[in-house]
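Given next are the chains, with one letter for each unit.
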Amino acid sequence: MCVPDASFDFVARNQGLVRGLPLWGGAIGFAGLLANRAISGIAPVVDASSSQSRADVLGIVMSAVLLLTGLQWLSLKARPVEAIAQDGTKVAFLDAKAKLPEAAAKEIQWAWEALSSTARVTSLVVIYQGRNVAHLGLARPGHAAGAAKAGEVAAKAMASGKGNYLANLILYPGRLEFVQYLPETTQGAVVQPIGSQGVLVVGTDTQRGISRLDQAWIATIADKLEVTLEGYTAPQGGVGFGGKGGSSAKAVA
Amino acid sequence: MGSIVKALGGIFKGFKKPWEITGLTSTVDYLEYMPSASDYRKHSPGSQPVSAIVPHDIPALVYNTRYYGRDFRRNNKYTARVVDRTPLDVDKLVASMPLTPEDIKFSPASGGGGGASGGGGGLNDGDELDVAVFRFTLGIPGFDDSLVPRVVGGAAAALLALNHVLGAQPVPPAQERAEFLCALLVALCVVTPEIEERLKQVLPGRGRQQAAEAVDGAARVFVLAERLPEADKRELAWLTFALLKNANCCGVVVALGGGEVVAARGAIGSGAAGGASGSGGSGGGEVVLDAAAKDLARGAAASADVAAVLRGQRQQLWLPDRAAMARAGVDSWAVVPRGAQSLLLQHVAGGGALVVLGDRPRALPGKDRSWVAALARKL
């Protein structure tokens, strides 16, 4: 969440006021010193001749430093990130036919609950060994939960072992693979591989709303899922007997 | 006579016989026909006033009659080129596109200079968007640029005092007013780095700040209770690792219901660690856990807040700095090192607690605290 922490600090509570403080201080310093000169009838000459002008010079130097600091602080402002309204349908799909181990199912549930409460996450999709094992949160209206497939971006992430954050999904031509199972209005997606056989896709409704910290947490969660799913083989769908595909009805000559 | 003519002829050797003169200059009238140079060559060919309009056609439609361009036998520097007529594979093109700023291969980057340094400085949101923001740094090694206002304020204060003492006595009122204003400015300058620090702490999502190398009065331990099953141990190991890696904390202690401490990792107070440093052997490790359990029990008795967290009436107790820790009686715990400046106590279902130590005041921003709460729900 890009909402600043406003709990315990005076500074945190009055961020706007405090951020402008050096700028105001510098401006008032300048203006005050000049006004002082004007009122006292001394010509505004900046040199070190009299003790008055020496004091003024020091004041002006400090005002300049304060102004520069204030300008530098303008980059400290937290960017407000707005959420775009989503048009997806809520699903909470854990593939029963996949026969996930109990621990893994609970972990995926916990991951969804944690991510949705701490980060601006609207959907979580787990694809393991080509099978959509879980889809929690928002899904594309009309999409049957459980049919998500890993596309190019996800495959690349699995191959390279590194996660990928598509901050502004609209700009990427590769968004087609995500929009098939996530709502059309998903603004960003994080793709994190689970080992080399699975991928965790996290969708958000904000552009650039997932920070480095959130990505680090998603990576940590994916690592844990990898360990939990070790030794688990997703049953390949479609074929009745053991999934090998070869029909035993072929006559052997 | 012949010899006289020959001799006379010799005299006229260079002269042409008149009837042999031919051409334009044979009559005297030729001067009328002799043009001057400005008549027959008014403008040199290179600088004619009127330029010719040369009709030409589209070069691609004009057949090139020159054979040397097509003579591949003699001229094999120009080989026949094959046009790639494969249809464009959009998917492959899309897949090879850089998806993150890290994927883009640049030519060797230029380094930052001493005067102006490019690249987002520490003020931006971590290094999420590496926007080239030029930030002037003084480049003094070992000196943090955010302390510049403080240094300037201090120097100005000293000089102002000097000026006041050595200046014209009695001090004119104008100077008094100026000095009063300057004193206010000095105060603001000195406070500015502190405010900057707080503002940076409030910035969300900055990620893990650099962990301190050594926390004062702490020893690095990693202990898990022996009696736990393997799966639980792995779970706790991952949980503590995740917290230490992603949140701004330096030590984690996990206690399950019934006052039983099951894990301790990171920089724990050396009072509790005792001899259990480094390898955390089985005998020595339990010392830490016992000490932690005693601390929790004592803390619950001593402070109502701690007891409320343990019972579950209160989900989190956040002690952002040493003063708050002292008020809650937490800084006397053995597991809390001297160098820990903030502490978060999180309720775990079943009467347990998750203790997270930070080595800086206000170390855990709101997001980190939510993650601690989420992790506690996992247990």
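Not measured: the values here are computed from a predicted model. (Residues numbered from 1 in each chain as written. Chains lettered and ligands numbered in written order. Predicted model: local features only at pLDDT ≥ 70, side-chain atom pairs only at ≥ 80, totals over all residues. Heavy atoms only, no water.)

Moving on, we get to the overall build of chain B. Of regular secondary structure, chain B possesses twelve helices and eight strands. Relative to its 379 residues, chain B shows a buried fraction of 37%. Put simply, 58% of the contacts in chain B that link residues at least 6 apart link residues at least 24 apart. For chain B, the accessible surface area stands at approximately 22700 Å², while carbon and sulfur atoms represent 60% of it. (Helix = DSSP H or I, 4+ residues; strand = E, 2+ residues; numbered from the N terminus. Buried < 20%, exposed > 50% of the residue type's maximum accessible area, 1.4 Å probe, protein only. Contact = heavy atoms within 4.5 Å. Areas by Shrake-Rupley, 256 points an atom, 1.4 Å probe, with all protein chains shown as cover.)

With that settled, the discussion passes to the packing of helix H3 (residues 21-40) of chain A against helix H4 (residues 51-73) of chain A. Residues and elements named next belong to chain A. At a closest axis distance of 7 Å, the pairing of H3 and H4 adopts a crossing angle of 155°. With respect to their mutual orientation, H3 and H4 come out roughly antiparallel. Crossing handedness for the pair H3 and H4: left-handed. Taking contact as the criterion, the partners of Pro 22, Leu 23, Gly 25, Gly 26, Ala 27, Gly 29, Phe 30, Leu 33, Asn 36 and Arg 37 in H3 are, on H4, Gln 52, Ser 53, Asp 56, Gly 59, Ile 60, Ser 63, Ala 64, Leu 66, Leu 67, Gly 70, Leu 71 and Trp 73. Looking at the contact of H3 with H4, its residues break down into eleven nonpolar, nine polar and two charged. (Axes fitted to C-alpha atoms, helices over the stretch in contact; angles between N-to-C directions. Parallel < 35°, antiparallel > 145°, perpendicular 65-115°, else oblique. Left-handed = near helix turned anticlockwise from the far one by under 90°. Nonpolar A, V, L, I, M, F, W, Y, C, P; charged D, E, K, R; others polar.)

We now examine the nonpolar core. What tends to happen in soluble globular proteins is that the nonpolar side chains get buried as a cluster. Ile 108 and Leu 200 of chain A together with Leu 243, Val 330, Val 336, Leu 343 and Leu 354 of chain B are the most contacted members of the largest nonpolar core, which has 93 residues in total. Those residues within four positions of Leu 354 of chain B in sequence are excluded, and the remaining contacts are Leu 239, Leu 243, Val 252, Val 253, Val 254, Leu 344, Leu 345, Gln 346, Val 348, Val 372 and Ala 376 of chain B. One finds Ile 127, Val 199 and Val 201 of chain A together with Leu 99 of chain B within the second-largest nonpolar core, a separate group that totals 18 residues. (Core = buried A, V, L, I, M, F, W, Y, C linked by side-chain atoms within 4.5 Å.)

Nonpolar side chains collect at one region of the surface, where Leu 159, Leu 162, Val 165 and Leu 166 of chain B lie side by side and expose about 420 Å² of accessible area between them. Considering the arrangement of structural elements, one finds Leu 162 of chain B in helix H5 (residues 148-166). (Patch = residues over 30% accessible without salt bridge, like charges linked within 9 Å, V, L, I, M, F, W, Y side chains within 5 Å. Salt bridge = Lys/Arg side-chain N within 4 Å of Asp/Glu carboxyl O.)

Quick look at the packing of aromatic side chains now. Under the criterion given, the structure shown has two aromatic pairs over all chains. When the ring of Trp 110 of chain A is compared with that of Trp 238 of chain B, the centres are 6.1 Å apart and the planes differ by 90°; the resulting orientation is edge-to-face. On the criterion of chain membership, the pair formed by Trp 110 of chain A in helix H5 (residues 102-118) and Trp 238 of chain B in helix H7 (residues 230-246) is interchain, its members lying in two chains. You can call Trp 238 of chain B buried: its relative accessible area is 9%. With 4.4 Å between their ring centres and 10° between their planes, Trp 217 of chain A and Trp 371 of chain B make a pair best called stacked. One end of the pair, Trp 217 of chain A, is in helix H8 (residues 212-228); the other, Trp 371 of chain B, is in helix H12 (residues 366-378), on a second chain. Judged on exposure class, the residue Trp 217 of chain A and its partner Trp 371 of chain B are both buried. A cation sits over an aromatic face here: Arg 265 of chain B above Phe 222 of chain B, 4.0 Å from the ring centre. (Phe/Tyr/Trp six-rings, centres within 6.5 Å; stacked < 30°, edge-to-face > 60°. Lys NZ or Arg CZ within 6 Å of the ring centre and 35° of its normal.)

We now examine the pattern of salt bridges. This structure, assessed with the given rule, holds twelve salt bridges over all chains. A salt bridge links Arg 377 of chain B to Glu 113 of chain A; its shortest N-O distance comes to 2.6 Å. In this pair, Arg 377 of chain B sits in helix H12 while Glu 113 of chain A sits in helix H5, so the two residues belong to two different chains. Arg 377 of chain B gets classed as partly exposed once you look at its relative accessible area, which sits at 44%. Judged by relative accessible area, which is 32%, Glu 113 of chain A ranks as partly exposed. Residue Glu 184 of chain A pairs with Arg 140 of chain A through a salt bridge whose shortest N-O separation is 3.0 Å. Of this pair, Glu 184 of chain A sits in the loop between helix H7 (176-179) and strand E5 (188-194) while Arg 140 of chain A sits in the loop between strand E3 (131-139) and helix H6 (152-160); the two residues are 44 residues apart in sequence, bridging distant segments of the chain. Among the residues examined, Arg 140 of chain A registers a relative accessible area of 27% and is labelled partly exposed.

All names here are of chain A. Ordered by their spatial adjacency, six strands build an open sheet running E1-E3-E2-E6-E5-E4, and the pairing between neighbours is antiparallel. Only two strands of the sheet have a single partner each, and these edge strands are strand E1 (89-94) and strand E4 (164-166). Looking at each pair of strands side by side, their axes are set apart by 15° on average, direction ignored. Where E1 and E3 come together, six bridges link them in antiparallel fashion. Within E3, the residue paired with Ala 92 across the bridge is Leu 136. On the sheet, H6 packs against E4, E5 and strand E6 (198-204) and is oriented at approximately 40° with respect to E5. Sitting on the sheet, H8 touches E4, E5 and E6, and the angle it makes with E5 is about 35°. (Pairing = 2+ DSSP bridges.)

Residue and element names in this part refer to chain A. Of note in the backbone geometry, Gln 129 takes a positive phi value of approximately 50° without being a glycine. The residue Gln 129 is located in the loop between strand E2 (121-128) and E3 in this model. One non-glycine residue, Arg 208, lies in positive phi territory at about 55°. On the secondary structure map, Arg 208 appears in the loop between E6 and H8.

Turning next to the pairing of strand E5 (residues 260-269) of chain B. Residue and element names in this part refer to chain B. When you tally the buried positions in E5, you get nine out of ten residues, the bulk of the element. Where strand E4 (residues 251-256) meets E5, six bridges bridge the pair, whose relative direction is antiparallel. Following the sheet pairing, Val 253 is matched in E5 by Ala 264. The antiparallel pairing of E4 with E5 creates a hairpin that spans three residues between the two strands, and Gly 258 there sits at a positive phi of about 85°.

Residues and elements named next belong to chain A. Tracing the chain through its elements places Ala 139 in strand E3. For Ala 139 and Lys 90, which are 49 residues apart along the polypeptide, the C-alpha to C-alpha distance reads 6.2 Å. Among all residues touching Ala 139, those that are not within four sequence positions of it are Gly 88, Thr 89, Val 91, Tyr 181, Leu 182 and Pro 183.

Residues and elements named next belong to chain B. For chain B, per-residue confidence averages 76 on the pLDDT scale, and 80% of positions sit at 70 or higher. Element-level mean pLDDT values for chain B span from 37 in strand E1 (residues 116-117) up to 88 in H5. Note on residues 109-132: pLDDT is under 50 here. Beyond four places in sequence and across chains, it has 45 contacts. Taken as a whole, residues 275-282 scores under 50 in pLDDT and shows six contacts with residues more than four places along the chain or in a different chain. At the level of chain-chain contacts, confidence expressed as ipTM amounts to 0.74, with global pTM at 0.64. (pLDDT = per-residue confidence, 0-100.)

For the rest of this paragraph, the subject is the environment of Arg 212 of chain A. For Arg 212 of chain A, the position within the fold is in helix H8. The spacing of Arg 212 of chain A and Tyr 165 of chain A is 47 residues in sequence and 9.6 Å in space, taken between C-alpha atoms.

Before going further, it helps to spend a moment on H8 of chain A. With 17 residues, H8 of chain A extends 24 Å from end C-alpha to end C-alpha; this agrees with the ideal 24 Å at 1.5 Å per step. With twelve of 17 residues buried, H8 of chain A lies mostly within the body of the structure. Its buried side turned inward, H8 of chain A meets H5, E4, E5 and E6 of chain A together with H7 and H12 of chain B. (Expected span 1.5 Å × (residues − 1).)

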